Amino acid sequence: MRLLARVGSLRAIVAVTVGFIALNMILVVLGNVTDYGTNEAFVQHVLAMDTTFGTELRWRAITSPAVVTIVYVAIILWEAISAVLLTAGTVAYLRDKEDSARRFASAGLLMVVALFLGGFITIGGEWFAMWQSKDWNGISAALRMVTIAGFALILVHLNPRRATQ
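Because the structure is a prediction, the values reported are computed rather than measured. (Residues numbered from 1 in each chain as written. Predicted model: local features only at pLDDT ≥ 70, side-chain atom pairs only at ≥ 80, totals over all residues. Heavy atoms only, no water.)

## Focus: the UniProt feature "transmembrane region" (unreviewed entry) in the chain
Okay, so step 1: The feature "transmembrane region" (unreviewed entry), as given by UniProt, occupies residues 12-33, 66-94, 106-129 and 141-158 in the numbering adopted here.
Okay, so step 2: Counting secondary structure, residues 66-94 comes out at 100% helix and 0% strand; the distance between its end C-alpha atoms is 42 Å.
Okay, so step 3: In residues 141-158, helix accounts for 89% and strand for 0%; the two terminal C-alpha atoms are 26 Å from one another. (UniProt positions renumbered as here; feature names shortened; annotations may be inferred. Helix = DSSP H or I, 4+ residues; strand = E, 2+ residues; numbered from the N terminus.)

Dropping the structure here:
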């Protein structure tokens with residue numbers, strides 16, 4: 001019975017949730033590194049705004065291959081750092097290191113939200129008008145990640161004593 005109570009505890013729920021988000025980010029990094037060309041093409045097309053239907057905003061477009069590479073590598077590094085922080089948070093939760101776990105998980109989740117809400121939805125979606133593209137539109141995938149990471153942030157910051165009362 002005690003084991004079941006632990007498995008159903010807030011700490012276990014948070015550890016599993018953060019752990020799966022860490023795994024997701026590890027797989028995202030792996031995909032971006034092993035399928036570099038396909039995913040770099042996504043960044044290139046979004047920045048170039050070459051599949052948007054409006055022309056009035058195209059002054060914002062960036063077509064420099066060097067800038068595309070810098071942006072894409074920065075995205076991969078950001079994702080990798082968030083994956084490391086989320087993994088560290090998961091391990092700390094499993095080792096009952098609540099304060100460290102909360103700090104690592106919060107930092108990693110905030111990085112995920114910043115990347116997908118700030119980077120993909122706000123900058124990519126609005127500044128580079130990604131929402132107009134039928135072929136290179138990552139807004140729904142980014143919204144999924146923002147929702148999942150935001151939900152996890154709420155779980156991380158719930159007071160475990162209050163959650164059991």
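## Topic: a nonpolar patch on the surface
Okay, so step 1: A grouping of Val16, Phe20, Leu23, Ile26, Leu27 and Leu30 is seen on the molecular surface, where their side chains present a nonpolar patch of about 580 Å² in accessible area.
Okay, so step 2: Relative to the assigned elements, Leu23 resides in helix α2 (residues 10-34). (Patch = residues over 30% accessible without salt bridge, like charges linked within 9 Å, V, L, I, M, F, W, Y side chains within 5 Å. Areas by Shrake-Rupley, 256 points an atom, 1.4 Å probe, with all protein chains shown as cover. Salt bridge = Lys/Arg side-chain N within 4 Å of Asp/Glu carboxyl O.)

## What about the nonpolar core?
Okay, so step 1: In terms of nonpolar packing, the biggest core is built from 40 residues, with Leu86, Leu109 and Phe116 touching the most fellow members.
Okay, so step 2: Looking at this core, the elements with two or more residues in it are α2, α3 (36-48), α4 (65-94), α5 (98-127) and α6 (139-156).
Okay, so step 3: Of all the elements, α5 adds the most residues to this core, at nine residues.
Okay, so step 4: When residues no more than four places from it in sequence are discounted, the contact partners of Leu86 are Val18, Ile21, Ala22, Met25, Phe104, Ala105, Gly108, Leu109 and Val112. (Core = buried A, V, L, I, M, F, W, Y, C linked by side-chain atoms within 4.5 Å. Buried < 20%, exposed > 50% of the residue type's maximum accessible area, 1.4 Å probe, protein only. Contact = heavy atoms within 4.5 Å.)

## Some words on α4
Okay, so step 1: Compared with an ideal rise of 1.5 Å per residue, which puts 30 residues at 44 Å, α4 spans 43 Å between its outermost C-alpha atoms and is within 8% of the ideal.
Okay, so step 2: Immediately beyond the C-terminal end of α4, within one or two residues, lies Asp96, with a positive phi of roughly 60°. (Expected span 1.5 Å × (residues − 1).)

## Some remarks on the side chain of Asn32
Okay, so step 1: Mapped onto the fold, Asn32 is located in helix α2.
Okay, so step 2: At 2.7 Å, the side chain of Asn32 forms a polar contact with the side chain of Glu79. (Polar contact = N/O pair within 3.5 Å; in protein donor to acceptor, adjacent residues only side chain to side chain.)

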